[in-house]
Amino acid sequence: MNKGFTLLELTIGIGLLAGIVLLLSSFGFNIFESQILFTKTLNAQQEAQQTIAIMIPEIRAMRPSANGSYPILKTASNSFEFYSDANGDGSVIQINYYLDSEILKKSVVEPIGFPPVYNQDNAKIKEVIHNVVASSSPIFYYYGQAYIGTEEPLAYPINILDVRAIEMKIAVDPKIPNSKSPLIFSAKATARNLR
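Residues numbered from 1 in each chain as written. Predicted model: local features only at pLDDT ≥ 70, side-chain atom pairs only at ≥ 80, totals over all residues. Heavy atoms only, no water.

Chemist: Residues and numbers for the environment of Phe29, please.
Modeler: Within the secondary structure, Phe29 is located in helix α1 (residues 7-60). Relative accessible area serves as the criterion here: at 48%, Phe29 is assigned to the partly exposed category. (Helix = DSSP H or I, 4+ residues; strand = E, 2+ residues; numbered from the N terminus. Buried < 20%, exposed > 50% of the residue type's maximum accessible area, 1.4 Å probe, protein only.)

See below:
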């Protein structure tokens, strides 16, 4: 009696082993791909939530500038510029959130000199939210004095003296293949010193 494997048994064994290796590598690739998609989604959520968490106190702390200018400088559909003492140190900074291509950016200008001047050449610009979906809908909505939560936003052009509350609605595409709907983030804030 011969001991060992026949050519047929060896071929079947190698085929089964190759099938198992292929199945395991495919499973590993799917896990790796899922992890990448999860990371992209998580990064998009973190950027938006961190920006909103910073922006809300800044809006609530809006106040006249160091040189006496009105707290709001500019209200536009994709940008909002204002003065704020967000960190409560008594220094009123100029803040501008604006959309530049697919990136929401934040510009901060500290006052310098006496009388205080806000020099745009000294602006510190930071990218805060990436992959913003360009759409016909505004990012910023502005509400008037009668706002209690259900009113329609003010119509453009907006008189800055009428603004009492600001809402940000932003759509972010985490760049996931075959994803048809962006992630939507929104928040509203009422400025304490504009009431």
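Read on for the rest.
Chemist: Quick one: what's the story with the sheet that holds strand β7 (residues 165-172), residue by residue and with numbers?
Modeler: Taken together, the three strands give an open sheet; going across it, the order is β6-β7-β8, and neighbouring strands pair in antiparallel fashion. Each edge of the open sheet is held by one strand with a lone partner, namely β6 (140-143) and β8 (183-190). Neighbour to neighbour, the strand axes of the sheet diverge by 15° on average, direction disregarded. Relative to β7, β6 is paired through four bridges, and the arrangement is antiparallel. Bridged to Tyr141 within β7 is Glu167. Contacts from α1 reach β6, β7 and β8 within the one sheet, and its direction differs from that of β8 by about 10°. (Pairing = 2+ DSSP bridges. Axes fitted to C-alpha atoms, helices over the stretch in contact; angles between N-to-C directions. Contact = heavy atoms within 4.5 Å.)

Chemist: So what's going on with the environment of Phe114? Which residues, and what values?
Modeler: With respect to the secondary-structure elements, Phe114 resides in the loop between β4 (103-109) and β5 (124-129). Measuring from C-alpha to C-alpha, the distance between Phe114 and Ala66 comes to 9.7 Å, with 48 residues separating the pair along the chain.

Chemist: Go over the sheet that holds strand β2 (residues 79-84), please, and point to the residues and values.
Modeler: Judged by pairing direction, the sheet is antiparallel, and its five strands sit side by side in the order β1-β2-β3-β4-β5 without closing on themselves. Taken across any chain shown, the strands that pair with only one partner, and hence form the sheet edges, are β1 (72-76) and β5. Neighbour to neighbour, the strand axes of the sheet diverge by 20° on average, direction disregarded. Pairing geometry for β1 and β2, over four bridges, is antiparallel. Across the sheet, residue Ala76 finds its bridge partner in β2, namely Ser79.

Chemist: Break down the side chain of Ser65 for me, citing the residues and quoting the values.
Modeler: Its place among the elements puts Ser65 in the loop between α1 and β1. Accessibility expressed as a relative area gives 6% for Ser65, which makes it buried. Looking at Ser65, its side chain comes within polar contact range of the side chain of Asn67, at 2.3 Å. (Polar contact = N/O pair within 3.5 Å; in protein donor to acceptor, adjacent residues only side chain to side chain.)

Chemist: I'd like a description of unusual backbone geometry, backed by residues and values.
Modeler: In the segment running from Phe114 into Pro115, the intervening peptide bond is cis, with an omega of 0°. Counting through the fold element by element, Pro115 comes out in the loop between β4 and β5. A cis geometry characterises the amide bond from Tyr156 onward to Pro157, with omega recorded as -5°. Tracing the sequence through the fold places Pro157 in the loop between β6 and β7. The backbone of Ser101 sits at a positive phi, close to 65°, despite the residue not being glycine. Its place among the elements puts Ser101 in the loop between β3 (93-100) and β4.

Chemist: Account for the pattern of salt bridges, naming residues and giving values.
Modeler: Applying the stated criterion to the full structure yields three salt bridges. Asp100 serves as the salt-bridge partner of Lys105, at 2.8 Å between the closest nitrogen and oxygen. (Salt bridge = Lys/Arg side-chain N within 4 Å of Asp/Glu carboxyl O.)

Chemist: Explain the packing of aromatic side chains to me, and be specific about the residues and the numbers.
Modeler: Overall, the coordinates contain five aromatic pairs when judged by the stated rule. Ring geometry for Phe80 versus Phe82: centroids 4.7 Å apart, planes at 25°, classification stacked. You'll find Phe80 and Phe82 in the same group, each marked buried. Where Phe80 meets Phe140, the ring centres are 6.1 Å apart and the plane angle is 45°; that geometry is what we call tilted. (Phe/Tyr/Trp six-rings, centres within 6.5 Å; stacked < 30°, edge-to-face > 60°.)

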